[in-house]
Amino acid sequence: MRTIRKAVLALTVVITSALLISCTENAINKEVDGVSAELKNRFLDLGFDASDMQAHTSKNPITGEVTQGYLLEKDMFISTSQLEEMSNSKVFHVGAVGEQYRTTNLVSSPRTIRVLGYTGGSNALSTKMRTALQLAVDNYNALNMGLSFTLSFGTNTGAAEIVVYRVTGSAGGSAGFPSGGLPYKWVQIFSGTDSYSTSVVEHVMTHEMGHCLGLRHTDYFNRSLSCGSGGNEGTSGVGAIHIPGTPTGFDANSIMLACFSCSESGNFGSYDVTALEYLY
Ligand SMILES: [Zn+2]
């Protein structure tokens, strides 16, 4: 199974259109500028893989809001204010080297999370994406946890905790981490994802929702395990907390691996279920 995973492209290649033919959950359609060593070290201290982190200006096409921050591990956006929040977290952990990780920020539970599949204009989800989003929401509602999810389609973003919308790009998606007890609200799905099966799109949707709920990449400590290249420079600190009951080795079935293949089932791995039901 691993052999069909596409190698993640080196950063210099990622920025080019060559990514369009890859099967990573990555798309770099953003503004890039330099990142100081000091900033990089702050993310390393938080346990992130900072090897390809980039300063990133997130422009929400729906609200017009512009947020300054950083993109890490290909698809996780962390704003400058959230970096401060994470840096000041009281939750400490040293030596995270295992499976299924969460950030220091979680969604308060129990809670009903209203998911909106966006249908407005050029950011509207495709028919396949809408089907896949329903399947992703079903995945979460099948779990035994205090969080429950509703799904509707439309443009009323004010009445939703998670909004899933489409942007022009290669295959994959982008999301962020919870703050203030709420999930990360804005999930981007790149338009090229549509060229894969509904199950692969379901995988991307479920994966990005996992970030919104605080899950990190299962193989964050060595991204080459799913991507074929890359690595980890952040092995300790706050921000990467091992979830009890999940393995300390590589979990090839996790939906939270950094890269995905073209033959994903769209379903959780058993330890993903353990992790989510433990957290919520
Ligand atoms: Zn991800």
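The rules behind these values
Residues numbered from 1 in each chain as written. Predicted model: local features only at pLDDT ≥ 70, side-chain atom pairs only at ≥ 80, totals over all residues. Helix = DSSP H or I, 4+ residues; strand = E, 2+ residues; numbered from the N terminus. Buried ≥ 20, exposed ≤ 12 C-beta atoms within 10 Å, placed from the backbone. Contact = placed C-beta atoms within 7 Å. Core = buried A, V, L, I, M, F, W, Y, C linked by C-beta atoms within 7 Å. Expected span 1.5 Å × (residues − 1). Arc of directions from axis to C-beta. Pairing = 2+ DSSP bridges. Axes fitted to C-alpha atoms, helices over the stretch in contact; angles between N-to-C directions. Parallel < 35°, antiparallel > 145°, perpendicular 65-115°, else oblique. Left-handed = near helix turned anticlockwise from the far one by under 90°. Nonpolar A, V, L, I, M, F, W, Y, C, P; charged D, E, K, R; others polar. pLDDT = per-residue confidence, 0-100.

## Things to note about the overall build of the protein chain
Now for step 1: Assigned secondary structure in the protein chain consists of seven helices and ten strands.
Now for step 2: Per-residue burial over the protein chain gives 48% buried out of 280 residues.
Now for step 3: Sequence separation of 24 or more characterises 71% of the internal contacts of the protein chain that already satisfy a separation of 6 or more.

## Structural notes on unusual backbone geometry
Now for step 1: For the peptide bond that leads from Ser109 to Pro110, omega is 5 degrees, which places it in the cis range.
Now for step 2: Among the structural elements, Pro110 can be located in the loop between β4 (101-102) and β5 (111-118).

## Concerning the nonpolar core
Now for step 1: Counting 59 residues, the largest nonpolar core has Leu72, Leu133, Val164, Val187 and Met205 as the members making the most contacts within it.
Now for step 2: Once residues within four sequence positions are removed from consideration, Leu133 is found in contact with Gly117, Leu125, Leu151, Val164 and Met205.

## Considerations on helix α4 (residues 127-141)
Now for step 1: Taking 1.5 Å as the rise per residue, α4 with 15 residues should run 21 Å; its terminal C-alpha atoms sit 21 Å apart, in good agreement.
Now for step 2: Within α4, the full set of buried residues consists of Met129, Ala132, Leu133, Ala136, Val137, Asn139 and Tyr140. Down the axis of α4, the sector holding all buried residues measures 150 degrees, keeping them to one side.
Now for step 3: In this structure, the buried residues of α4 make contact with β5, β6 (147-154), β7 (162-167), β9 (186-190) and α5 (198-212).

## Describing the pairing of strand β2 (residues 66-72)
Now for step 1: Here strand β1 (residues 54-59) pairs with β2 via six bridges, running antiparallel. When the sheet's bridge partners are listed, Gln54 is paired in β2 with Leu71.
Now for step 2: In sequence, β1 turns back onto β2 through a hairpin of six residues, with Gly64 there showing a positive phi of about 80 degrees.
Now for step 3: Both β2 and strand β3 (residues 76-79) contribute to a ladder of four bridges, which runs antiparallel. Residue pairing for β3: Leu72 is matched across the bridge by Met76.

## What about the sheet that holds β7?
Now for step 1: Ordered by their spatial adjacency, eight strands build an open sheet running β1-β2-β3-β8-β9-β7-β5-β6, and the pairing between neighbours is mixed. Each end of this open sheet is capped by a strand with a single partner; those strands are β1 and β6. Across this sheet, the average inter-strand angle for adjacent strands is 30 degrees, counted without regard to direction.
Now for step 2: Against the sheet, α4 touches β5, β6, β7 and β9, its axis set at about 165 degrees to β6.
Now for step 3: Packing of α5 onto the sheet brings it into contact with β3, β7, β8 (173-176) and β9, and relative to β8 it is tilted by some 15 degrees.

## Describing the environment of Asn123
Now for step 1: With respect to the element layout, Asn123 can be found in the loop between β5 and α4.
Now for step 2: As for Asn123 and Ile189, which are separated by 66 residues in sequence, their C-alpha atoms are 9.4 Å apart.
Now for step 3: Residues in contact with Asn123, not counting those within four places in the same chain, are Pro61, Ile62, Tyr118, Tyr165, Arg166 and Val167.

## Points about the packing of α4 against α5
Now for step 1: It is at 8 Å that the axes of α4 and α5 come closest, and there the two elements cross at 55 degrees. The angle between α4 and α5 places the two elements in the oblique class. Crossing angle aside, the handedness with which α4 passes α5 is right-handed. Touching Lys128, Met129, Thr131, Ala132, Leu133, Leu135, Ala136, Asn139 and Tyr140 of α4 are Thr198, Val201, Glu202, Met205, Thr206 and Met209, all from α5.
Now for step 2: The class makeup of the residues in the contact of α4 with α5 is nine nonpolar, four polar and two charged.

## A short note on the pairing of β6
Now for step 1: Here eight bridges tie β5 to β6, and the two strands are oriented parallel to one another. Within β6, the position partnered with Tyr118 by the bridge is Gly154.

## Regarding the environment of Gln134
Now for step 1: Topologically, Gln134 is positioned in helix α4.
Now for step 2: It is 9.4 Å that separates the C-alpha atoms of Gln134 and Thr150, two residues lying 16 residues apart in sequence.

## A closer look at the confidence of the model for the protein chain
Regions with low pLDDT carry predicted coordinates that are not meant to be interpreted in detail.
Now for step 1: Here the protein chain averages 78 in pLDDT, while 73% of its residues score no lower than 70.
Now for step 2: Below pLDDT 50 for its whole length, residues 233-238 participates in 30 contacts with residues either more than four positions away or in separate chains.

## Examining the environment of Val115
Now for step 1: Within the secondary structure, Val115 sits in strand β5.
Now for step 2: Taking the number of C-beta atoms within 10 Å as the measure of exposure, Val115 has 24 and is therefore buried.
Now for step 3: In the structure, Val115 is positioned 46 residues away from Glu161 in sequence and 6.2 Å away in space, judged by C-alpha atoms.

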